[in-house]
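Architecture at a glance
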Amino acid sequence: MNLNLNLAELSLDELKALSAAVAEEIKRRLRVGEGIEIVLETDGWYDPRKNGGAYVAIVRDRPGGGVEREFVDPVQKVYDSKRRKYRAKWVFRALPGTRIEARIRSGSWRNEHRDYYVVGPDGLREASQGEVLGL
């Protein structure tokens with residue numbers, strides 16, 4: 001892994017800030033096992049030839065603006081007999097306040113369907129695109 005970062009060129013204050021940021025990111029990633037269990041599935045047989053593959057992603061704000069997506073691997077993926085369509089299932093844990101974007105409904109070649117959710121204290125609730133992506 002090459003981070004293209006020369007630590008010798010950084011000031012002591014910059015090193016402390018970097019260390020604090022790394023420690024916070026490590027804490028955030030360790031908390032992933034906590035939280036509420038989320039289960040999402042494709043709506044029937046999903047056809048990736050229409051709009052690309054099905055996915056579930058955790059959405060986070062990027063420091064400079066915009067968002068970044070952390071894709072969640074499916075725990076189950078079953079193909080039809082011709083291996084053209086599949087059913088997929090995602091099971092993971094998320095803390096309340098986590099924003100989720102999912103493409104789990106097969107659309108047409110014209111329309112791509114994405115669903116947006118926010119994890120609340122009682123589980124998953126549907127949200128608007130603007131609420132999740134900050135538009």
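Predicted, not measured: the structure shown is a model, and the values here were computed from it.

Points about the packing of aromatic side chains
Under the definition given, this model contains three aromatic pairs. The interplanar angle of 75° and the centroid separation of 5.3 Å between the aromatic rings of Tyr55 and Phe71 together place this pair among those described as edge-to-face. Taken together, the residues Tyr55 in strand E2 (residues 55–61) and Phe71 in strand E3 (residues 67–72) connect sequence positions 16 residues apart. When its relative accessible area of 12% is taken as the criterion, Tyr55 is described as buried. A network of ring pairs unites the aromatic residues Tyr46, Tyr79 and Tyr86 as a single cluster. Sitting above the plane of the Tyr86 ring, Lys77 keeps its charged end 4.5 Å from the centroid.

Some details on the pairing of strand E7 (residues 115–120)
A large share of E7 lies buried, amounting to six of its six residues. Side-chain alternation along E7 places Asp115, Tyr117 and Val119 on one buried face and Tyr116, Val118 and Gly120 on a second face that is also buried. Bridge count between strand E6 (residues 99–103) and E7: four bridges; the pairing is antiparallel. When the sheet's bridge partners are listed, Ala102 is paired in E7 with Asp115. By the bridge criterion, four bridges tie E7 to strand E8 (residues 123–126) in an arrangement that is antiparallel. Across the sheet, Val118 pairs through a bridge with Arg125, a residue of E8. Between E7 and E8, which pair antiparallel one after the other, the connecting turn spans two residues.

Reading the values: the criteria
Residues numbered from 1 in each chain as written. Predicted model: local features only at pLDDT ≥ 70, side-chain atom pairs only at ≥ 80, totals over all residues. Heavy atoms only, no water. Phe/Tyr/Trp six-rings, centres within 6.5 Å; stacked < 30°, edge-to-face > 60°. Helix = DSSP H or I, 4+ residues; strand = E, 2+ residues; numbered from the N terminus. Buried < 20%, exposed > 50% of the residue type's maximum accessible area, 1.4 Å probe, protein only. Lys NZ or Arg CZ within 6 Å of the ring centre and 35° of its normal. Pairing = 2+ DSSP bridges.

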